[in-house]
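What follows is the residue order along each chain.
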Amino acid sequence: MVAEVINGKDLSMELKSEMKKEVHDLRNKNVVPHLTVVLVGNNPASESYVNGKKRASEEVGISSEIIKLEDTVTEKELLKVIDRLNRNDKVHGILVQLPLPNHIHVQHIIEFIDPKKDVDGFHPYNIGKMMTGQDTFLPCTPYGILTMLRSKNITIEGKHAVIIGRSNIVGKPVGQLLLNENATVTYCHSKTKNLKEITRLADILVVAVGKPNVIDKHYVKDGVIVIDVGINRLDDGSLTGDVDFDSCLEKASYITPVPRGVGPMTITMLLHNTIKAAKGMVQ
Ligand code: NDP
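Quick caveat, the model's predicted, so the values are computed rather than measured.

Reading guide: rules and limits
Residues numbered from 1 in each chain as written. Predicted model: local features only at pLDDT ≥ 70, side-chain atom pairs only at ≥ 80, totals over all residues. Heavy atoms only, no water. Phe/Tyr/Trp six-rings, centres within 6.5 Å; stacked < 30°, edge-to-face > 60°. Lys NZ or Arg CZ within 6 Å of the ring centre and 35° of its normal. Pairing = 2+ DSSP bridges. Helix = DSSP H or I, 4+ residues; strand = E, 2+ residues; numbered from the N terminus. Axes fitted to C-alpha atoms, helices over the stretch in contact; angles between N-to-C directions. Buried < 20%, exposed > 50% of the residue type's maximum accessible area, 1.4 Å probe, protein only. Polar contact = N/O pair within 3.5 Å; in protein donor to acceptor, adjacent residues only side chain to side chain. Contact = heavy atoms within 4.5 Å. Near = heavy atom within 4 Å. Parallel < 35°, antiparallel > 145°, perpendicular 65-115°, else oblique. Left-handed = near helix turned anticlockwise from the far one by under 90°. Nonpolar A, V, L, I, M, F, W, Y, C, P; charged D, E, K, R; others polar. Salt bridge = Lys/Arg side-chain N within 4 Å of Asp/Glu carboxyl O.

A. Spotlight on the packing of aromatic side chains. Within this structure, the stated rule accounts for zero aromatic pairs. K196 extends its terminal NZ or CZ atom over the ring of Y219, reaching a point 5.2 Å from the ring centre.

B. Local environment of the sheet that holds strand β4 (residues 93-96). Across the sheet, which stays open at both edges, the three strands sit in the order β3-β2-β4 with parallel pairing between neighbours. Strands at the two margins of the open sheet, each flanked by one partner only, are β3 (63-69) and β4. Mean inter-strand twist for the sheet, computed between neighbouring axes without regard to direction, equals 15°. For strand β2 (residues 34-40) and β3, the ladder comprises seven bridges, and the chain directions are parallel. Its bridge partner being in β3, V37 is matched across the sheet by I66.

C. Structural view of the side chain of Q97. Among the structural elements, Q97 can be located in the loop between β4 and α4 (106-112). Relative accessible area serves as the criterion here: at 7%, Q97 is assigned to the buried category. Among the polar contacts listed, one links the side chain of Q97 to the side chain of K53, at a separation of 2.7 Å. Aside from chain neighbours lying at most four places away, what touches Q97 is V38, L39, S46, Y49, V50 and K53.

D. Summary view of the site of the ligand. Lining the immediate surroundings of the ligand are 19 residues, of which R166, S167, S190, K211 and T266 lie closest. One of the side-chain nitrogen or oxygen atoms of R166 is found 2.7 Å away from an oxygen atom of the ligand. The separation between an oxygen atom of the ligand and a polar side-chain atom of S190 is 2.5 Å. Here the shell around the ligand gets three residues from one element, more than from any other, and that element is helix α10 (residues 262-278).

E. Geometry of the packing of helix α1 (residues 8-28) against α10. In contact at an axis separation of 9 Å, α1 and α10 are set at 15° when each is read in the N-to-C sense. Classed by the angle they form, the pair α1 and α10 counts as roughly parallel. The handedness of the crossing between α1 and α10 comes out as left-handed. Of α10, the residues touching α1 (which contributes G8, K9, L11, S12, L15, K16, M19, E22, V23 and L26) are P264, M265, T268, L271, H272, I275 and A278. Class assignment of the residues belonging to the contact of α1 with α10 gives a composition of 10 nonpolar, four polar and three charged.

F. Examining the side chain of T136 more closely. Relative to the helices and strands, T136 is located in the loop between α5 (124-131) and α6 (140-151). Among residues more than four places away in sequence, those in contact with T136 are N126, K129, M130, K276 and V282.

G. A look at the pattern of salt bridges. In this structure the tally under the stated criterion is 10 salt bridges. Measuring nitrogen to oxygen at the nearest pair gives 3.3 Å for the salt bridge that ties K16 to E59. Taken as a pair, K16 in helix α1 and E59 in helix α2 (residues 44-60) lie far apart in primary sequence, 43 residues in all. Of the residues examined, K16 reaches a relative accessible area of 14% and is grouped as buried.

Below you can see the structure in the form of structure tokens.
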């Protein structure tokens, strides 16, 4: 079997062209969807992510701004900036780019963002809504993965989904979203024993570890659907995922590449959430 590749770049272009029309309609009703991204410090990776988000917003007509703060900014000062954005009716989405400097308590910041503007879907209120199956902002990477599966009409119900990684932004929520879709979910992490025995049972394998080539064909069964979330930069500057793509390609039924896989979908779902916020759909 040779897997069908789920190209996140192509799917995100299709979705963005639909979003363009939605934004156009909103603008005709004098609603200009607006996303504010707050960037603390000058981590080059964060800067590049933030610029990518701004570019993608502009592509679909969402107005966006980046507020850049020095890495010496205090937690109190950052909270003040968020307070101002929370109270500004013209700002529909607020995103604070992570990671933050160590002297700032990330959870304090996330919990201070108005849940109605939490387009990252990281606020505990929105996480609770997601866990109880209510309509809300879904975290962008997990939502992007779900959208990729749906785009291929892949049945999730009844499948065994194995998730490697249990971070709050990827691993945990993607498992929850698949559970909401009636998958049977198993989580694995760095303390999991016999990883290979578990991954070989997966119908859907989501890999969100952050290490190149942790999964190859020996870890998967025939026909598996492999979603590679990892983004790893190699010494030569190129990007690679967590999965040995070529090795798994011959056993999987579907597989996502890196680059042009989950990455572009993450930004696209951020745009989706911003439009949803502008429509006032999350209360
Ligand atoms: P974290 O570092 O927060 O989590 C990594 C997880 O992998 C942890 O749960 C850890 O276990 C687990 N892990 C580490 N080593 C192993 C191992 N050998 N076997 C099994 N599990 C292991 O990372 P994130 O979730 O934030 O990100 C994961 C990857 O996805 C990164 O490469 C990141 O860059 C990428 N990413 C990509 C996005 C995209 O848009 N495509 C968006 C966000 C992230 P433990 O909990 O026990 O430590």
